[in-house]
Amino acid sequence: MGVSTSRVAEEIGENGTLSHKVKDLEVLLDLFRGSVASSINIEPFCKLLDDAKKKKSKTPRVSTDEIKETLNKIEASSKEIKEALFFLETNKIQSFICGCTEKLDSKNFEKISGKWKVLDVPKGSRLSTFDTLVDVIQGQKNIRVDNLDGKELSTLLKAKKFPKIRIHRKANSKKEMYQALRMPPPNIRLTLWDMDLCLLRIHTGGHTSTKIQALSKQVTEAFCYIIDIMIERKRPVGVVTFSDKLVAKATGSHYGGEDLVKPLVFHALRRHWMKLDRTLELTDAITKSRNFVENDLYVNAAYPEWRNAHIEKFKQNPMPNSKEWHIARTREDFKKKTGQTLEHSEMILFDDGDRNIDEANDQNVIGVLVDDKTGFTVVAWEEAMERAWTEYLQNTPN
């Protein structure tokens, strides 16, 4: 299912969304009518959206502060206002547009309280059972589906030129939002991340003397949530980086290479799990995180330029200035651990380096370039899942 546009990262929000598009708030408002705060007098909220539309802007937006101010003015109990504010602040409404495929039919949806909810998710689809079908998009025309019956909806979805559909996803928690994301298809057996400007929002220079517990707060939210889900589902993961403990030692830094990556992931996951489960004891979180990092996290870390200049075996046989060596070593580690051969086509790599991604793709690894301004986000994850599932379905008999 081809993704046309995505605001997933913004909607889930690592730091919260400061403003909301009016088009999305209109759907949010519609959902409010029958869910979170059904008794709220929504007229002031409607007026806020109408005023926003009158502004001279191609994409009218309403700030979170304006929304809060409006909700505090309306006639509602403090409980209802609190529920509505909580709903907005946690950004549990996600909007995206995707293309239809020939397998998508009205049978994949069920009409509940006048809304077409996703009932059955086609294999490899971006849809989830948290989703509501809002409208079908044909060219420049948006067709609302609330008043359609199943036959009419099927006709729209099965148009000769497959239309696009707008989906809104509503979940009960941020973790549910992440759990609704696609995981890799069965043929993907290992997923790898770079460290600097990828799983980390910042660049360490490959080595650091900063306390790792403090540095671990710069690990992206998307990495923590997705790694957590991958661990739960027993999907192997790893880190390949130019950070190098030999360079750290040569420069007098405390941490580099594996000595940086493993504690970094350890502290990030320990904090993540304790945040999700307030009843989790510190000792249990430490044990869980340590067991994963020491036993299940694949790590290969080396800086090619430095090793080629200072290590004799690399002077004779230089390490490629890409992640080729790191991936080769990871495949060796996988064989030692599992007794199975790992093919390049069975791997995904997230990296902020163009050369690393280009050469990974040349080796048939699914390489996805991460925006170095944000680090790893759901946008990069969805790009990888789209490519992986498309290839898998194309090569798998029905």
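1. Describing the pattern of salt bridges
Tallied over the full model, the rule gives 18 salt bridges. The partner of Arg 144 in a salt bridge is Asp 146, with the nearest N and O atoms 3.2 Å apart. You can call Asp 146 buried: its relative accessible area is 18%. Residues joined by salt bridges that share partners form a network here, namely Arg 126, Arg 182, Glu 382 and Glu 386.

2. Re the sheet that holds strand E14 (residues 297-301)
Spatially, E14-E12-E10-E15-E16 is the arrangement adopted by the five strands of the open sheet, whose pairing is parallel. Edge positions in the sheet fall to E14 and strand E16 (366-369), since each has one partner strand and no second. Each strand axis lies, on average, 20° off the axis of its neighbour in the sheet, ignoring direction. Strands in contact with helix H16 (residues 324-338) are strand E10 (190-193), strand E12 (237-241), E14 and strand E15 (347-351); relative to E14, the strand with the most contacts, it is inclined by about 145°.

3. Regarding unusual backbone geometry
Excluding glycine, residues mostly carry a negative phi; peptide bonds, for their part, are mostly trans. Look at Ser 113: it is not a glycine, yet its phi comes out positive at around 50°. Looking at the element boundaries, Ser 113 is found in the loop between strand E5 (109-112) and strand E6 (115-118). A relative accessible area of 73% means that Ser 113 is categorised as exposed. The phi dihedral of Leu 197 falls on the positive side, at around 60°, and the residue is not glycine.

Calculation criteria
Residues numbered from 1 in each chain as written. Predicted model: local features only at pLDDT ≥ 70, side-chain atom pairs only at ≥ 80, totals over all residues. Heavy atoms only, no water. Salt bridge = Lys/Arg side-chain N within 4 Å of Asp/Glu carboxyl O. Buried < 20%, exposed > 50% of the residue type's maximum accessible area, 1.4 Å probe, protein only. Pairing = 2+ DSSP bridges. Helix = DSSP H or I, 4+ residues; strand = E, 2+ residues; numbered from the N terminus. Axes fitted to C-alpha atoms, helices over the stretch in contact; angles between N-to-C directions. Contact = heavy atoms within 4.5 Å.

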